[in-house]
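Working through the structure, step by step
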Amino acid sequence: MKVLHLDTNHPLLIEQFAELGFQNDEDYTSSKDDIEKKIHLYDGVIIRSRFTIDQQFLDKATNLKFIGRVGAGLENIDTRYAKQKDIFLASAPEGNRNAVGEHTLGMLLSLMNKMTKANREVKKGKWDREGNRGVELNGKTVGIIGYGNMGKAFAEKLSGFDVDIICYDIVGGVGDDNARQVGIMEFKQKSDVVSLHVPQTEKTIGMVNSGFINEFHKPFWFLNTARGKCVITHDLVNGLKSEKILGAGLDVLEYEKKSFENMFAQKPKAFKYLRKAKNVLLTPHVAGWTTESKEKLAQTIVDKIKAGFC
Ligand SMILES: NC(=O)c1ccc[n+]([C@@H]2O[C@H](COP(=O)([O-])OP(=O)(O)OC[C@H]3O[C@@H](n4cnc5c(N)ncnc54)[C@H](O)[C@@H]3O)[C@@H](O)[C@H]2O)c1
Ligand SMILES: O=C(O)[C@H](O)COP(=O)(O)O
């Protein structure tokens, strides 16, 4: 049995696959075309979010029996077509849910307490206590959109705070002891904080737009650790300018990696605003990217493939 690794992961993944009797091949640089030329030789493929597994790829993967997605999001995989072809698919939200929960909470507390702004000022020699007066999370209503693995992980981290947690999800009956599921009207009426945890789908692309933002009854703090394309950056910036959005913590952006570098170089207006705004906190898609999650993600994939496939 041969498995092709298309992204680097914790070494335990390759070690444990070898112990299971797999031949491990690694290819982190070839083009998609070149990978497609040789994928018929493999029984399994291991990817992260970089590589796209679409219909064309799956048609060429004539011997493929499993896909290991070392991460949570399945946006880069045609899951329906893989299922049709009876290919076993393992993903690993269990591996990075805690990291995402902690990162999201960290961003929120940091924004509410103006920590990055204050840090920048103090290091420049400015001592401004009044300009850095914070706002407490205590007593606020935190709204979570998409109450799956990541949304629940964030709610768990919040459970020690005296906050009301509500969630909105397209699927009914997802509420639990930590968060009460509400309809979108109540969600927009009550939320002081809005945290996005939906996958990127046809329905969620651009879901955070001007109409959506303006329908909230109160100004709110906004967090996105889901996918950048779920937010229209230009509309988010308008929300920040009008102070409908009090601050934004963004781990994901509409443009990432190569296109992010282009955007950075060209400095389009909306992104320029995000870079300068003192109430905007940006991280480079690392919410689920911790030392611990690297290991847990790899272990989860080995365990699932062992249980479901070997
Ligand atoms: N920044 C990071 O490092 C990082 C890490 C892990 C996951 N993610 C992102 O988070 C996403 C969610 O991960 P998850 O494991 O929680 O997924 P999940 O499938 O467990 O949960 C997603 C939830 O969103 C709901 N949903 C889908 N469409 C919706 C819509 N239009 N409106 C409201 N709710 C909707 C689903 O019903 C589900 O309950 C991933 O797809 C990925 O994009 C990012
Ligand atoms: O979906 C995920 O698990 C995260 O977005 C991380 O994905 P990546 O590390 O594969 O880019």
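As the structure is a computational prediction, the values presented were derived from the model and not from experiment. (Residues numbered from 1 in each chain as written. Chains lettered and ligands numbered in written order. Predicted model: local features only at pLDDT ≥ 70, side-chain atom pairs only at ≥ 80, totals over all residues. Heavy atoms only, no water.)

To continue, consider the site of ligand 2. With respect to spatial proximity, the complete set of residues near ligand 2 consists of Arg-48, Ser-49, Arg-69, Gly-71, Ala-72, Gly-73, Asn-96, Arg-227, His-285 and Trp-289. Contacts to ligand 2 include Arg-48, whose side-chain N or O atom sits 2.4 Å from an oxygen atom. In the model, an oxygen atom of ligand 2 is placed 2.6 Å from a nitrogen or oxygen of the His-285 side chain. Relative to its unbound accessible surface of 320 Å², ligand 2 loses 88% to contact with the protein. Tallied by class, the residues present in the shell around ligand 2 amount to two nonpolar, five polar and three charged. (Near = heavy atom within 4 Å. Polar contact = N/O pair within 3.5 Å; in protein donor to acceptor, adjacent residues only side chain to side chain. Areas by Shrake-Rupley, 256 points an atom, 1.4 Å probe, with all protein chains shown as cover. Nonpolar A, V, L, I, M, F, W, Y, C, P; charged D, E, K, R; others polar.)

Take the packing of aromatic side chains next. Each aromatic ring pair is characterised by the separation of its centres together with the angle its planes make. Within this structure, the stated rule accounts for eight aromatic pairs. Where Phe-17 meets Phe-66, the ring centres are 6.2 Å apart and the plane angle is 10°; that geometry is what we call stacked. Pair noted here: Phe-17 is in helix 1 (residues 12-19) and Phe-66 is in strand 4 (residues 66-69), with a separation of 49 residues, a long-range link. Exposure remark for Phe-17: the relative accessible area of 0% places this residue in the buried category. Residue classification places Phe-66 among the buried residues on the basis of a relative accessible area of 0%. (Phe/Tyr/Trp six-rings, centres within 6.5 Å; stacked < 30°, edge-to-face > 60°. Helix = DSSP H or I, 4+ residues; strand = E, 2+ residues; numbered from the N terminus. Buried < 20%, exposed > 50% of the residue type's maximum accessible area, 1.4 Å probe, protein only.)

Below, the discussion takes up the packing of helix 5 (residues 93-112) against helix 7 (residues 149-158). Interhelical geometry of helix 5 versus helix 7 gives an angle of 50° and a closest axis separation of 8 Å. Looking at the two axes, helix 5 sits oblique to helix 7. In the crossing of helix 5 with helix 7, the sense of the turn from one axis to the other is right-handed. On helix 7, the residues touching Pro-93, Asn-96, Arg-97, Asn-98, Val-100, Gly-101, Glu-102, Thr-104, Leu-105 and Leu-108 of helix 5 are Asn-149, Met-150, Lys-152, Ala-153, Phe-154, Glu-156, Lys-157 and Leu-158. Grouping the amino acids of the contact of helix 5 with helix 7 by side-chain chemistry returns eight nonpolar, five polar and five charged. (Axes fitted to C-alpha atoms, helices over the stretch in contact; angles between N-to-C directions. Parallel < 35°, antiparallel > 145°, perpendicular 65-115°, else oblique. Left-handed = near helix turned anticlockwise from the far one by under 90°. Contact = heavy atoms within 4.5 Å.)

Turning our attention to the nonpolar core. Residues Ile-145, Leu-196, Val-208, Phe-222, Leu-236 and Leu-274 are the most contacted members of the largest nonpolar core, which totals 28 residues. Not counting chain neighbours up to four residues away, the residues in contact with Ile-145 comprise Tyr-168, Phe-187, Val-194, Ser-195, Leu-196, His-197, Val-198, Met-207 and Phe-212. Met-112, Ile-144, Ala-179 and Leu-281 belong to the second largest nonpolar core, which has 21 residues in total. (Core = buried A, V, L, I, M, F, W, Y, C linked by side-chain atoms within 4.5 Å.)

A word on the domain arrangement of the protein chain. Interface size is commonly expressed as the accessible area that is lost once the parts come together. Taken as a whole, the protein chain is organised into domain 1 (2-91) and domain 2 (97-282). Computed from C-alpha coordinates alone, the two centres of domain 1 and domain 2 are separated by 33 Å. The interface of domain 1 with domain 2 comprises six residues on the first partner and five residues on the second. At the boundary of domain 1 with domain 2, total buried surface from both sides reaches about 360 Å², with 46% on carbon and sulfur atoms. Taken as a group, Ser-49, Ala-72 and Glu-75 account for 83% of the area that domain 1 buries against domain 2, more than any other trio of residues on that side. Our count for the contact surface shared by domain 1 and domain 2 stands at one salt bridge. (Domains from an automatic or database assignment. Buried area = accessible area lost by both parts, 1.4 Å probe. Salt bridge = Lys/Arg side-chain N within 4 Å of Asp/Glu carboxyl O.)

This part is about unusual backbone geometry. Phi at Asp-86 is positive, roughly 65°, even though this residue is not glycine. Relative to the elements of secondary structure, Asp-86 occurs in the loop between helix 4 (79-84) and strand 5 (88-91). You can call Asp-86 exposed: its relative accessible area is 70%. Even without a glycine there, the phi angle at Glu-243 is positive, about 70°. Counting through the fold element by element, Glu-243 comes out in the loop between helix 10 (233-241) and strand 11 (245-250). For Glu-243, a relative accessible area of 58% corresponds to the exposed category.

With five bridges joining them, strand 6 (residues 141-145) and strand 7 (residues 164-168) adopt parallel strand pairing. Residue pairing across strands places Ile-145 opposite Tyr-168, the latter belonging to strand 7. Once the chain exits strand 6 it traverses helix 7 before rejoining the sheet at strand 7, and the crossover so formed is right-handed. As paired strands, strand 7 and strand 8 (residues 180-181) are joined by two bridges and run parallel to one another. Each residue of the ladder has a partner; that of Cys-167, found in strand 8, is Gln-181. (Pairing = 2+ DSSP bridges. Right-handed = clockwise from strand over helix to strand, strands pointing away.)

Now for the pattern of salt bridges. For the structure on display, the rule yields 19 salt bridges. In this structure, Arg-180 engages Asp-164 in a salt bridge whose closest nitrogen and oxygen atoms are separated by 3.9 Å. With Arg-180 in strand 8 and Asp-164 in strand 7, this residue pair connects regions lying 16 residues apart in the sequence. With a relative accessible area of 38%, Arg-180 lands in the partly exposed category. Of the charged contacts, one joins Asp-192 and Lys-218 as a salt bridge, the two residues approaching to 3.0 Å between their closest N and O atoms. Taken together, the residues Asp-192 in the loop between helix 8 (184-190) and strand 9 (193-196) and Lys-218 in the loop between helix 9 (210-214) and strand 10 (220-224) connect sequence positions 26 residues apart.

Next up on the list: the site of ligand 1. Inspection of the region around ligand 1 gives 26 residues, with Glu-75, Asn-149, Met-150, Asp-169 and Asp-251 positioned closest. Between ligand 1 and Asp-251 there is a distance of 2.9 Å, counted from a nitrogen atom to a side-chain nitrogen or oxygen. Notes on ligand 1: free accessible area 860 Å², of which the protein chains cover 86%. Among the elements of the structure, helix 5 and helix 7 are those that each provide at least two residues to the shell around ligand 1. At three residues, helix 5 tops the list of elements feeding residues into the shell around ligand 1. When grouped by side-chain class, the residues that make up the shell around ligand 1 number 12 nonpolar, 10 polar and four charged. Here the shell around ligand 1 gathers at least three residues from each of two domains, domain 1 (2-91) and domain 2 (97-282).

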